[in-house]
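Observations on chain architecture
Here's the letter readout for the chains.
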Amino acid sequence: MARKIGKIVLAYSGGLDTSIILKWLQETYGCEIVTFTADLGQGEELEPARAKAALLGVRDIRVVDLREEFVRDFVFPMLRANALYEGQYLLGSSIARPLIARHLVAIARETGADAVAHGSTGKGNDQVRFELAVNALAPSLAVIAPWRQWNIRSRTELLDYAEKHRIPVPSDKRGEAPFSIDANLLHTSTEGKILENPAEIAPAYIYQRTVDPVDAPDAPETITIGFESGDPVSVNGRLMTPAALLTELNRLGGRHGVGRLDLVENRFIGMKSRGVYETPGGTILLAAHRGIESITLDRAAAHLKDEIMPRYAELIYNGFWFAPEREMLQALIDHSQAFVTGEVTVRLYKGSASVIARTSPASLYSADLVTFEESAIAYDHHDAEGLIRLNGLRLRSWAARNGN
C-alpha cells in the first residue's frame with residue numbers, strides 16, 4: 001500500500017524545473033509543500049525564488065543563508081584532505097549536496113513533514129547524493145524524485161506543462177535546452193549542449209567567474225594566505241570569516257584566470273560526462289594548503305594522506321559524506337592538521353597559482369640539516385651507508401636469482 005504523504009519539503013531553486021516540480025507535487029500529492037532555498041553563494045538574487053513560491057501558493061517558504069556553514073563545515077574539512085576527484089575535480093557540486101540535504105531533513109523534522117523532494121534528474125549524480133544523505137540522517141523520511149516518477153519525457157512536454165499551469169517561462173528557457181549550470185561559493189559548473197561533444201572546444205561565453213588566462217593581467221600578483229590548524233584564516237594579513245575569505249580568493253583568482261577545468265569524468269551511475277568548472281578560490285587554497293603542509297607534516301604522515309585522498313574524494317563524489325568510513329577518514333585527516341599553521345605566499349599569473357614561499361612556527365624544515373655547508377647539527381654522512389645497504393638487500397637477492 002502506498003504511503004500517505006501529508007507534507008513535503010522541496011529543495012527549491014526558484015528556477016523553471018523546480019517550479020514545475022512544485023506544481024506537480026501539489027497536484028499529485030494534494031498536500032502542503034514547504035520550499036527550502038539555500039543561499040550557498042551562487043551569486044544570484046534569491047528573493048525572486050521566494051516570490052515565485054508564494055505565487056504558486058506556498059505558505060511556508062524558507063530562504064536560508066548557508067554560506068558560512070558551507071565553507072566552514074564542508075569546504076574546509078574537504079580542503080584539509082587536499083581532495084580531488086580523479087586527480088582534478090575540486091568537488092564543488094558534490095560537497096554542497098550533503099549540506100542541502102541536512103537542512104531538508106532538519107526542516108522536515110521541524111514541520112512534521114513525511115517526505116523531502118529534489119529536482120535532480122535520473123541520469124545525474126545529485127539524486128544519489130541527496131538520497132544517500134537522507135538515508136543516513138532520517139531513514140524514515142520518504143524521498144520523492146519527480147524526474148524518476150512523472151511521465152514528462154521531453155523539454156517540449158515540460159514547457160507545455162508550465163504553460164498549462166501558468167508557470168512563468170523565462171525567454172532563455174524556451175526553444176533549445178539551455179546549459180545546465182550549478183554555482184556556489186566554491187565553484188561554477190556548466191554541462192550540456194555543445195559540451196556534450198568532448199571533441200568540441202568550450203565556447204568562451206560559458207565562463208562566469210574567470211577571465212581567459214590569455215587576457216589576464218601581464219603582471220603577476222602575489223598574495224599571502226594564513227593558516228591555523230589546517231584551515232585558512234587570513235588573506236594578506238587580514239583575518240576573515242570562511243565565506244568572506246573564499247569570496248576574496250575567488251575575486252583575486254578570477255581576474256588572473258585561475259581555476260578553469262574542462263573535464264570528462266566518470267559519474268557514479270556509470271556514464272561519462274563532460275563538465276566545465278571554475279574554482280578560482282579553491283584552486284588557490286589547494287596549492288597554498290599543500291604548501292604549508294610541505295613544511296609541517298612528517299613525510300610518512302604526508303604520504304599516507306596522499307594515499308587515502310582518492311578514496312576520500314570518491315566518497316564525497318559518490319554521496320557518502322555522512323557514511324561512517326568518510327567520518328573515520330576525516331578524523332585521521334583532522335588529526336594530521338594540528339601543526340599545519342603558518343603563512344604561504346602564492347603568485348597568481350595567467351591561470352596559475354604557484355607557491356613561492358612558506359613559513360611556519362611549527363616547521364619541520366631544518367636549514368642546518370639540508371645545507372651543503374658546515375652546520376650546527378651533526379650529520380654523519382656515513383650513516384647513509386647502512387640505510388642504502390639494508391634497502392638494497394632485497395635488490396641484491398633479486399639480482400642474484402636473475403643471474404645479474
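If you're wondering where the values come from, they're calculated on a predicted model, not measured in any experiment.

To continue, consider the overall build of the protein. Within the protein, the secondary structure is distributed over 13 helices and 14 strands. With the C-alpha coordinates aligned to their principal axes, the bounding extent of the protein is approximately 85 × 50 × 45 Å. By residue count, 50% of the 404 residues in the protein fall in the buried class. Long-range pairs, those at least 24 residues apart, make up 73% of the contacts in the protein with a sequence separation of at least 6.

In this structure the tally under the stated criterion is 9 aromatic pairs. Through a chain of ring-to-ring contacts, three or more aromatic side chains come together here, namely Trp24, Tyr29, Trp147 and Trp150. We note Arg260 situated over the ring of Tyr207; from NZ or CZ to the ring centre the distance is 3.6 Å. Sitting above the plane of the Trp321 ring, Arg326 keeps its charged end 3.6 Å from the centroid.

Further remarks concern the pattern of salt bridges. All told, the structure shown has 23 salt bridges when counted by the stated rule. Notably, a salt bridge pairs Glu32 with Lys7, separated by 3.7 Å at the nearest N-O pair. Here Lys7 lies in strand E1 (residues 7-11) and Glu32 lies in strand E2 (residues 32-39), a separation of 25 residues in the sequence. For Lys7, a relative accessible area of 17% gives the class buried. One salt bridge connects Arg80 with Asp334, and the closest N-O pair in it is separated by 3.0 Å.

This brings us to the UniProt feature "binding site: L-aspartate" (unreviewed entry) in the protein. In this numbering, the UniProt entry assigns the feature "binding site: L-aspartate" (unreviewed entry) to Thr121, Asn125 and Asp126. Non-local contacts of Thr121, meaning those with residues more than four positions away in its chain, are made with Gln127 and Trp147. Within the secondary structure, Asp126 sits in helix H5 (residues 126-137). Judged by relative accessible area, which is 18%, Asp126 ranks as buried. With near-sequence residues (within four places) excluded, Asp126 lies in contact with Arg97 and Ser120. Within the structure, the side chain of Asp126 is placed 3.0 Å from the side chain of Arg97, a separation counted as a polar contact.

So, about the pairing of E2. Of all the 8 residues making up E2, 7 are buried; the element is thus mostly covered by neighbouring parts of the structure. Read from E1 through helix H1 (residues 16-29) to E2, the crossover connection turns out right-handed. Judged from the 5 bridges that link them, E2 and strand E3 (residues 61-65) form a sheet pairing that is parallel. Directly across from Ala38, in E3, lies its bridge partner Val64. Considered for its hand, the β-α-β crossover made up of E2, helix H2 (residues 47-55) and E3 is right-handed.

Core analysis: the largest hydrophobic core is formed by 76 residues, its most contacted members being Val9, Phe70, Leu91, Ile95, Leu249 and Tyr312. Of the domains in this structure, domain 1 (7-67 + 91-173) and domain 2 (180-359) are the two that each give at least three residues to this core. Among all residues touching Tyr312, those that are not within four sequence positions of it are Pro77, Met78, Ala81, Ala83, Trp321, Arg326, Leu329, Gln330 and Ile333. Within the second largest apolar cluster, 29 residues are counted, among which are Leu10, Trp24, Ile33 and Ile144.

Here helix H9 (residues 280-296) spans 25 Å end to end across 17 residues, near enough to the 24 Å set by a 1.5 Å rise per residue. Most of H9 sits out of view: 14 of its 17 residues are buried.

If you check the domain split of the protein, you get domain 1 (7-67 + 91-173), domain 2 (180-359) and domain 3 (367-402). Taking only C-alpha atoms, the centre of domain 2 and the centre of domain 3 are 37 Å apart.

Between helix H3 (residues 67-80) and H9, the shortest axis-to-axis distance is 10 Å and the interhelical angle comes to 50 degrees. The angle between H3 and H9 falls in the class oblique. Along this stretch, H3 crosses H9, giving a crossing that reads as right-handed. On the side of H3, the interface is formed by Phe76, Leu79 and Arg80, while H9 contributes Leu285, Leu286, His289 and Glu293. A class-by-class count of the residues in the contact of H3 with H9 yields 4 nonpolar, 1 polar and 2 charged.

On the surface, Tyr365, Leu369, Val370, Ile377 and Tyr379 cluster together to form a nonpolar patch covering roughly 520 Å² of accessible area. Inspection of the secondary structure puts Ile377 in the loop between helix H12 (367-370) and helix H13 (383-401). Using a relative accessible area of 35% as the deciding quantity, one classes Ile377 as partly exposed.

So, on to the packing of H1 against helix H7 (residues 155-164). Axis separation between H1 and H7 bottoms out at 10 Å; the angle between their running directions is 65 degrees. Between H1 and H7 the crossing geometry is left-handed. Mapping the contact onto sequence places Leu16, Asp17, Ile20, Lys23, Trp24 and Glu27 in H1 and Arg155, Leu158, Leu159, Tyr161 and Ala162 in H7. For the contact of H1 with H7, the per-class residue count stands at 7 nonpolar, no polar and 4 charged.

What follows is about the sheet that holds strand E13 (residues 342-349). With antiparallel pairing, the 5 strands of this open sheet are ordered in space as E10-E9-E8-E13-E14. Here the strands that pair on one side only, and so sit at the sheet edges, are strand E10 (238-239) and strand E14 (352-359). The pairing of strand E8 (residues 221-228) with E13 spans 7 bridges and is classified as antiparallel. Counterpart to Phe227 in the pairing with E13 is Gly342. On top of the sheet, H9 reaches E8, strand E9 (231-235), E13 and E14; it is set at about 30 degrees to E14, its chief contact.

Cut-offs applied
Residues numbered from 1 in each chain as written. Predicted model: local features only at pLDDT ≥ 70, side-chain atom pairs only at ≥ 80, totals over all residues. Heavy atoms only, no water. Helix = DSSP H or I, 4+ residues; strand = E, 2+ residues; numbered from the N terminus. Buried < 20%, exposed > 50% of the residue type's maximum accessible area, 1.4 Å probe, protein only. Contact = heavy atoms within 4.5 Å. Phe/Tyr/Trp six-rings, centres within 6.5 Å; stacked < 30°, edge-to-face > 60°. Lys NZ or Arg CZ within 6 Å of the ring centre and 35° of its normal. Salt bridge = Lys/Arg side-chain N within 4 Å of Asp/Glu carboxyl O. UniProt positions renumbered as here; feature names shortened; annotations may be inferred. Polar contact = N/O pair within 3.5 Å; in protein donor to acceptor, adjacent residues only side chain to side chain. Right-handed = clockwise from strand over helix to strand, strands pointing away. Pairing = 2+ DSSP bridges. Core = buried A, V, L, I, M, F, W, Y, C linked by side-chain atoms within 4.5 Å. Domains from an automatic or database assignment. Expected span 1.5 Å × (residues − 1). Axes fitted to C-alpha atoms, helices over the stretch in contact; angles between N-to-C directions. Parallel < 35°, antiparallel > 145°, perpendicular 65-115°, else oblique. Left-handed = near helix turned anticlockwise from the far one by under 90°. Nonpolar A, V, L, I, M, F, W, Y, C, P; charged D, E, K, R; others polar. Patch = residues over 30% accessible without salt bridge, like charges linked within 9 Å, V, L, I, M, F, W, Y side chains within 5 Å. Areas by Shrake-Rupley, 256 points an atom, 1.4 Å probe, with all protein chains shown as cover.

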